[in-house]
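# Topology and contacts: notes
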Amino acid sequence: MRRKQSVAESAAEGERGNPLASFVPLIVDAGIPMASYYLLSDGFGFSTVAALGWSSVVPALRTVWGLVGSRSVNGLALLMLIVNVVGLALSAVAGDPRLMMAKDSGVSSVVGIVILLSVRSKRPLMTAGLKPWVTKGSAAGNAAWDRLTAGSERFRRAERRFSAIWGTALLTECVIKVIGAYTVPVDTMVWLGTVLTVVAILAAMVIAGGSCAEPMEKMVGAEVAAEAERAADRGGADAGRGAPVAAAGAAAGVAG
């Protein structure tokens with residue numbers, strides 16, 4: 001749950017055209033719940049259950065802040081908010097720390113499942129963060145993206161594969177963390193869970209970036225260049241058609 005909210009924030013940042021910021025929150029937010037847990041439990045004497053519950057508040061608030069800051073609601077961001085709210089509500093009634101940790105991963109696995117299901121839609125959920133990364137937020141890049149989405153099956157297949165890789169990575173991480181919640185000591189699982197989150201994120205970034213984002217970026221760049229050439233050709237043709245008219249006008253002026 002804690003890491004998935006970062007995906008929502010990355011989508012919001014991506015919509016504002018900042019490609020690098022699209023994935024930075026994924027790594028930054030992975031450490032917030034862990035630091036909060038140890039601060040509350042060791043520093044303030046909170047019980048394990050209370051520390052686990054309150055450590056979920058900051059990520060939830062950041063999700064809301066991302067939605068408010070973007071002044072728009074996309075499907076992925078809304079899903080993150082719902083997952084965080086449900087997780088916090090369940091934390092209020094769970095009394096077993098292991099159940100709370102398993103609950104976090106179990107509820108958050110919904111995100112991975114929904115991302116995988118969205119692969120068969122016209123706009124996979126991870127596209128919100130992928131598009132600004134590939135187009136660099138430029139008008140020409142966005143226009144090239146739209147043309148490729150409409151006319152290139154290879155491009156659409158890479159777009160779907162990007163979400164499929166992310167969905168698989170997030171779902172796999174959740175499954176491993178659920179198993180760890182019942183087989184590893186709680187204090188160990190708090191930091192180990194963060195490590196698993198970072199590893200899953202980095203793996204998804206490397207695999208999806210190399211096999212999907214980079215080829216798509218090259219395709220967009222080629223399409224932008226091709227469109228520029230087409231525009232230049234149209235400009236030359238228009239100039240060519242205008243020359244006889246100008247010559248005729250000049251001749252008429254001389255004759256006059």
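Note: the structure precedes this text.
As a starting point, this report considers the structure included with it. Per chain, the residues get numbers from 1 upward, laid out in the order the sequence is written. Reporting of local features is limited, given that this is a predicted model, to residues whose pLDDT is at least 70; pairs of side-chain atoms are given and counted only at 80 or more, and all residues count toward the totals for whole chains, interfaces and linings. Heavy atoms from the whole structure form the basis of all side-chain values; hydrogens and water molecules are not counted.

A tally of helices and strands in the protein chain yields 11 helices and 0 strands. Secondary structure elements follow DSSP: runs of H or I no shorter than four residues count as helices, runs of E no shorter than two count as strands, and numbering proceeds from the N terminus. Ordered by position from N to C terminus, the α and β elements of the protein chain give α-α-α-α-α-α-α-α-α-α-α. Burial classes: relative accessible area under 20% of the type maximum marks a residue as buried, over 50% as exposed, and values in between as partly exposed (1.4 Å probe, protein chains only). The 256 residues of the protein chain split such that 43% are buried. Contacts: residue pairs with any heavy atoms within 4.5 Å of one another. Sequence separation of 24 or more characterises 73% of the internal contacts of the protein chain that already satisfy a separation of 6 or more. The accessible surface values rely on the Shrake-Rupley method and a 1.4 Å probe; as for residues, cover is taken only from the protein chains in view. When the accessible area of the protein chain is evaluated, it comes to approximately 12300 Å², of which 69% is carbon and sulfur surface.

Here we take up the packing of aromatic side chains. Each pair of aromatic rings taken from Phe, Tyr and Trp, with Trp reduced to its six-membered ring, is defined by centres within 6.5 Å and is described as stacked if the planes are under 30 degrees apart, edge-to-face if over 60, and tilted in the remaining cases. Following the criterion strictly, the structure yields 1 aromatic pair and no others. Arranged with centres 5.0 Å apart and planes meeting at 85°, the rings of Trp145 and Phe155 form a pair that is edge-to-face. Taken together, the residues span a long stretch of sequence, with Trp145 in helix H9 (residues 139-151) and Phe155 in helix H10 (residues 153-183) at a distance of 10 residues. By the burial criterion, Trp145 is buried, and Phe155 matches it.

This next bit is on the pattern of salt bridges. For this analysis, a salt bridge means a side-chain nitrogen from Lys or Arg found within 4 Å of a carboxyl oxygen belonging to Asp or Glu. Evaluation of the coordinates by the stated rule reveals 10 salt bridges. With a shortest N-O distance of 4.0 Å, Glu153 and Arg157 are connected by a salt bridge. With Glu153 and Arg157 both in helix H10 and 4 residues apart, the pair spans about one turn of that helix. Residue classification places Glu153 among the partly exposed residues on the basis of a relative accessible area of 35%. Accessibility expressed as a relative area gives 41% for Arg157, which makes it partly exposed. One salt bridge connects Glu227 with Arg234, and the closest N-O pair in it is separated by 3.3 Å. The exposure class of Glu227 is partly exposed, given its relative accessible area of 23%. A single network of salt bridges, built from pairs that share partners, joins Arg147, Glu223, Glu227, Arg230 and Arg234.

Phi is positive for Lys136, which is not a glycine, with a value near 60°. Structurally, the position occupied by Lys136 is in the loop between helix H8 (127-135) and H9. Since its relative accessible area comes to 46%, Lys136 is described here as partly exposed.

All right, on to the nonpolar core then. Side-chain atoms within 4.5 Å are what join buried Ala, Val, Leu, Ile, Met, Phe, Trp, Tyr and Cys residues into a set we call a nonpolar core. The biggest cluster of nonpolar side chains holds 24 residues, and the ones touching the most others in it are Leu130, Phe155, Phe162, Trp166 and Met216. Those elements that place two or more of their residues in this core are helix H7 (97-118), H8, H9, H10 and helix H11 (186-255). Ranked by size, the runner-up nonpolar core spans 7 residues in total, among them Met101, Ala181, Val186 and Met189.

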